[in-house]
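Residues per chain, in single letters:
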Amino acid sequence: MKLVSSRLLLAVSALLLLPLTAVADNWLAWRGPEQNGVSREKDLPDAWSPDETKANNNLIWKAKVGCRSTPLVQGNHVYLINAVGEGANAGERVMCFDAQTGKVVWQHRFNVFFADIDISRVGWTNLAADPETGNLYAHGTQGFLICFSKDGKILWQRSLIEEYGRGGGYGGRFPSPIVDGDLVIVGMINSSWGDFARGANRFVAFNKKDGAVAWWSDPCDPPKGTITYYSTPITAVINGQKLLITGCADGSVLALKVRTGEKVWKYDFGGNVINASPVVQGNLVYISHGEENIDTNVQGRIICIDAGKLKDGKPTLVWEKVGIKAGYTSPIVHDKYLYVCSDSARLYCFEAATGKQLWEFIYGRLARGSAVWADGKIYVANVNAEFYILQPSPEGCKQLHKTFFRSTGGGFVETNGTPSVANGRVFFGTRDEFYCIGKKDHKAKPDLIPAPPPEAPAKPDAPIAHLQVVPADIVLSPGETATFKVRAYDAQGHLQKEVPAMWTLPAPTPPPNSTAKPPPLRAEIDTAGKLMIDKVPPTQQGYVMAKAGELTGRARVRVVTALPNKFDFTKVPEGAVPGGWINVAGKFTIAKLPDGTMALKKLADNPRPPLARANAYMNLPTSHDYTVQADLLGKEKRENLPDMGVVNCRYTLILDGKPDTEDKKRRLRIISWESTPKPRVDHSIVFDWKPDVWYRVKFSVDAQKDKAVVRGKVWPAKDPEPKDWTIEFEDATPNREGAPALYGYATGILENDPGAEIYYNNVSVVPNGK
């Protein structure tokens, strides 16, 4: 095995450890170049007006597009993610503007699916940009993680839902990606396969240039409360160690080694998910929440912890404030002061070192966007259409200016985003418009950004403490090969060198609550780490394990066969799940029916939406031009019937278990995005299906040049197939690809009493026309 020189790797590592001067005229992450909501720009406006006819309005330009996230600024370009269109043409979009003129340079539109959120909540994640390449990273509502070049070309793309089982989220809120070194890192609540079948808050790092998985981290306890969270990580150097620090869905804030994903410490302080992002000053970490607490009935908490002083594996509490609900916004730390915006639009100022409250300023009734400190001022919006420019001091807060955005139809325009500041300009959006404000004759240079604490350099003779197998997660087909490498890291998280290893193929972890023992990969691996998947075509998954000395590292391998697929559940043990599928364990299981038939059953023992309602993905998100066929049977429980169906190219054909409120009959529906107030796709006909009857379902998507023809056919499985399609429609804004899946929504579930179950059999996925 050819080894990379350890001296070369250490030299590269040493370069990465040198303090980098952040570019003051860029805003590449949602909390700015210092990751704390601070800009060093000077001579920014004290007042402005959106009225272009007013003199001295400090309005550089505005655009007739809205957004609810934070714009990025890179060179002469401004980037944002937002919703676009309405009804059947609604979707999500990444846009690039000329920062000087507001002219649209490029835009890329993509559909939303696997969601039921209002269109006004689309585009709530923030973009991230890479200072080295200029590339842009977007995490979409539908689960896309897309890498764009700075001129709008897609360089690589992942589907986090279809590949890794990312949760659908609540209200459009998901963590935003961050870029650090060669990695793009994103957090999520996911459920995929093996030891990741259990729904949990995990983190995944991708190679920023090609999207290959570098590491997974599973550091959290089970999620609390809601089914999503959206704390965006930051990176910081504490005690000379480079860390990723983030709030989590289990009510904690934790730190990982940024290059390996290893957990360093964890501090529990909330009774629900943590949505705010942390800020760091020196070794002190500040973070807040607006939910339940674990030790009091009072809601909301702000904490300051010393991450440089660990006791029993967790940081030392410096100070805390209980009772301030700051769950949606993230704080600012600047000089000696911490600024926190509460959910009820109250801006608090604390002494950062002691937690002593200096003042409170009311700027509205409801807040979602975070504040930004720049040029001795704070720029912040409340939800109710008001944008403030404030002047803080140790003695108090002075209002310099307030702008109200009135809707053309009356009322107000929501403002949910966070401003960004660069090149003497302040950029922000409302629901309806996007603004660039500043002084037209601005020439002032920004203050220098203070150098961050340096990372301790790697030591060539440091003992190896961690093995990382790359790629860490891969999909192969029968007969394909892949070669894995082992990277060795020291205890500080520095890359030391690549090392040889002994390779094995251990058995996967059994599904939750299952006694079935999945077999190891049907494959061989040689001494150089080259994996050769058997040519026999079963879908499967398993692990590749490397051992060097007493240390081990592992990679995840999923094997998916090319179409056509036919799934034989008689070959899967009772209580197990089909190999190679995503988001199935703990939600579906193989069961034996009274007649001895082996079928896949949708479990109906937990009413939580991620468990009661689920898609079981059978193939890759790049699948296209295929037909899904399956036999479905729904059980009735307490007059409840489930929803059941199949998925093709991100359209779902559903036998709806709920009767219509008017004619009391059930429907056959084709949906894609059940947005409100009007779904993008929701085509239905009367189909009054019955419980305890096997129905055969056939679902085809024919993606043509300017549309997709979507057809469904349903009939009692005991009868011959009808000639005509049962339901059919054309989509002018088509989904052209997507993983085939089975869909189930078990209803009528009570505590300790299962609800309406679903059974699936004779499942196949074949190319159209075959």
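Only a predicted model underlies this, so the values are computations on that prediction, with no experimental measurement involved.

A. Representation of the overall build of the protein chain in the model. Within the protein chain, the secondary structure is distributed over three helices and 57 strands. Taken over C-alpha atoms, the radius of gyration comes to 27 Å for the protein chain, in line with the 27 Å a tight globule of 770 residues would show. The dimensions of the protein chain, computed from C-alpha atoms along their principal axes, are 80 × 70 × 55 Å. Counting every position in the protein chain, which comprises 770 residues, the buried fraction comes to 59%. When the accessible surface of the protein chain is totalled, it reaches about 30,500 Å², and 50% of it is carbon and sulfur. Side-chain charges in the protein chain split into 92 positive and 83 negative, and the spacing between the mean points of these groups amounts to 1 Å.

B. Region of interest: empty space enclosed by the protein. Taken as a whole and judged by the stated rule, the model has four cavities of 30 Å³ or more. Considered as a void within the structure, the largest cavity measures approximately 220 Å³ in volume. Taken together, 23 residues form the lining of the largest cavity, with Trp-30, Trp-124, Asn-126, Tyr-230 and Tyr-328 sitting closest to its centre.

C. The packing of aromatic side chains, seen in detail. Going through the model one piece at a time under the given rule, you end up with 38 aromatic pairs. Ring plane angle 55° and centroid distance 6.1 Å describe the contact between Tyr-79 and Trp-106, whose orientation is recorded as tilted. Taken together, the positions of Tyr-79 in strand β4 (residues 77-84) and Trp-106 in strand β6 (residues 104-110) put the pair 27 residues apart, joining distant regions of the chain. Ring centres of Tyr-339 and Trp-359 lie 6.2 Å apart, and the angle between their planes is 45°; this geometry places the pair in the tilted category. One end of the pair, Tyr-339, is in strand β24 (residues 337-341); the other, Trp-359, is in strand β26 (residues 357-362), with 20 residues separating them in the sequence. Take Tyr-339 and Trp-359: they sit in the same class, and that class is buried. Joined through ring pairs, the aromatic side chains of Trp-48, Tyr-379, Phe-387, Phe-405, Phe-428 and Tyr-435 make up one cluster. Taking the ring centre of Tyr-543 as reference, the NZ or CZ of Arg-554 above it sits at 3.9 Å.

D. Layout of the sheet that holds strand β2 (residues 59-63). If you walk across this open sheet you meet the four strands as β2-β33-β32-β31, and the pairing is antiparallel. For this open sheet the edge positions go to β2 and β31 (420-422), each flanked by a neighbour on one side alone. Sheet twist, expressed as the mean angle between neighbouring strand axes with direction ignored, is 15°.

E. Examining the pattern of salt bridges more closely. On inspection of all chains with the given rule, the structure shows 48 salt bridges. Note that Lys-208 is salt-bridged to Asp-130, the shortest N-O span being 3.1 Å. Highlighted residues: Lys-208 in the loop between β13 (200-207) and β14 (213-217) and Asp-130 in the loop between β7 (128-129) and β8 (136-139), separated in sequence by 78 residues. Here the two residues Lys-208 and Asp-130 agree in accessibility, since each one is buried. Among the ionic pairs, Glu-674 bridges to Arg-669, the shortest N-O distance being 2.9 Å. With relative accessibility at 12%, the residue Arg-669 sits in the buried group. One network of salt bridges, with partners in common, ties together Asp-116, Arg-613, Asp-643, Asp-656, Lys-658, Arg-669, Glu-674 and Asp-682.

F. The side chain of Asn-135, seen in detail. Structurally, Asn-135 can be placed in the loop between β7 and β8. Non-local contacts of Asn-135, meaning those with residues more than four positions away in its chain, are made with Ala-128, Ala-129, Asp-130, Cys-147, Phe-148, Ser-149, Lys-150 and Leu-155.

G. Expanded view of the side chain of Ser-217. With respect to the helices, strands and loops of the structure, Ser-217 is situated in strand β14. A distance of 2.7 Å separates a polar atom in the side chain of Ser-217 from the backbone oxygen of Gly-261. Non-local contacts of Ser-217, meaning those with residues more than four positions away in its chain, are made with Arg-202, Phe-203, Leu-256 and Gly-261.

H. The sheet that holds β13, seen in detail. Strand order in this open sheet of four strands is β11-β12-β13-β14, and the pairing throughout is antiparallel. Pairing within the sheet leaves two strands with one partner each, and these edge strands are β11 (178-180) and β14. Here the average twist between neighbouring strands, direction ignored, is 25°. Bridge analysis of β13 against β14 gives four bridges, and the strand direction is antiparallel. Among the inter-strand pairings, Val-204 is bridged to a residue of β14, identified as Trp-216.

I. Local environment of unusual backbone geometry. In this structure, the amide linkage connecting Val-470 to the following residue, Pro-471, adopts the cis form with an omega of -5°. Looking at where Pro-471 falls in the secondary structure, it is placed in the loop between β34 (466-470) and β35 (473-476). Across the junction of Leu-563 and Pro-564, the peptide omega takes the value 5°, indicating a cis bond. For Pro-564, the position within the fold is in the loop between β43 (551-559) and β44 (565-567). Even without being a glycine, Asp-43 presents a positive backbone phi close to 55°. With respect to the helices, strands and loops of the structure, Asp-43 is situated in the loop between β1 (38-39) and β2. The phi angle at Asn-56 is positive, at roughly 50°, despite the residue not being glycine.

J. Broad picture of the pairing of strand β38 (residues 495-498). Pairing analysis gives three bridges linking strand β37 (residues 485-489) to β38, with the strands arranged antiparallel. Bridge assignment links Ala-488 to a residue of β38, and that residue is Lys-497. What sits between β37 and β38 in their antiparallel hairpin is a turn of five residues, with Gly-493 showing a positive phi close to 90°.

K. Expanded view of the environment of Lys-678. Structurally, Lys-678 can be placed in the loop between β51 (667-671) and β52 (682-686). Of the residues examined, Lys-678 reaches a relative accessible area of 56% and is grouped as exposed. For the pair Lys-678 and Ala-88, spaced 590 residues apart in the sequence, the C-alpha separation amounts to 8.6 Å.

L. Quick look at the pairing of strand β56 (residues 741-745). With four of five residues buried, β56 is to be regarded as a mostly interior element. Here strand β49 (residues 643-648) runs beside β56; their pairing, made up of five bridges, is antiparallel. The residue bridging Met-644 from the neighbouring strand is Gly-744, located in β56.

M. Molecular detail of the environment of Asp-526. Relative to the assigned elements, Asp-526 resides in the loop between β40 (523-525) and β41 (530-533). With relative accessibility at 29%, the residue Asp-526 sits in the partly exposed group. Leaving out residues up to four positions away in the same chain, Asp-526 has contacts with Trp-503 and Met-532. Looking at Asp-526, its side chain comes within polar contact range of the main-chain nitrogen of Lys-530, at 2.8 Å.

N. Here's a closer look at the state of the cysteines. Scanning all chains against the criterion turns up zero disulfides. In this structure Cys-96 is not part of a disulfide, and its nearest cysteine sulfur, from Cys-436, lies 14 Å away. You can see Cys-147 has no disulfide; the closest cysteine sulfur is in Cys-96, sitting 14 Å from it. Using a relative accessible area of 0% as the deciding quantity, one classes Cys-147 as buried.

How each quantity is defined
- Residues numbered from 1 in each chain as written.
- Predicted model: local features only at pLDDT ≥ 70, side-chain atom pairs only at ≥ 80, totals over all residues.
- Heavy atoms only, no water.
- Helix = DSSP H or I, 4+ residues; strand = E, 2+ residues; numbered from the N terminus.
- Rg over C-alpha atoms; globule rule 2.2 N^0.38 Å.
- Buried < 20%, exposed > 50% of the residue type's maximum accessible area, 1.4 Å probe, protein only.
- Areas by Shrake-Rupley, 256 points an atom, 1.4 Å probe, with all protein chains shown as cover.
- Lys, Arg positive; Asp, Glu negative; His and termini not counted.
- Charge placed at Lys NZ, Arg CZ, Asp CG, Glu CD.
- 1 Å grid on protein atoms, 1.4 Å probe; cavity = no way out; pocket = protein on both sides within 12 Å on 5 of 7 lines; lining within 4 Å.
- Points joined across faces, edges and corners; volume = space filled by probe spheres on them.
- Phe/Tyr/Trp six-rings, centres within 6.5 Å; stacked < 30°, edge-to-face > 60°.
- Lys NZ or Arg CZ within 6 Å of the ring centre and 35° of its normal.
- Pairing = 2+ DSSP bridges.
- Axes fitted to C-alpha atoms, helices over the stretch in contact; angles between N-to-C directions.
- Salt bridge = Lys/Arg side-chain N within 4 Å of Asp/Glu carboxyl O.
- Contact = heavy atoms within 4.5 Å.
- Polar contact = N/O pair within 3.5 Å; in protein donor to acceptor, adjacent residues only side chain to side chain.
- Disulfide = S-S within 2.5 Å.

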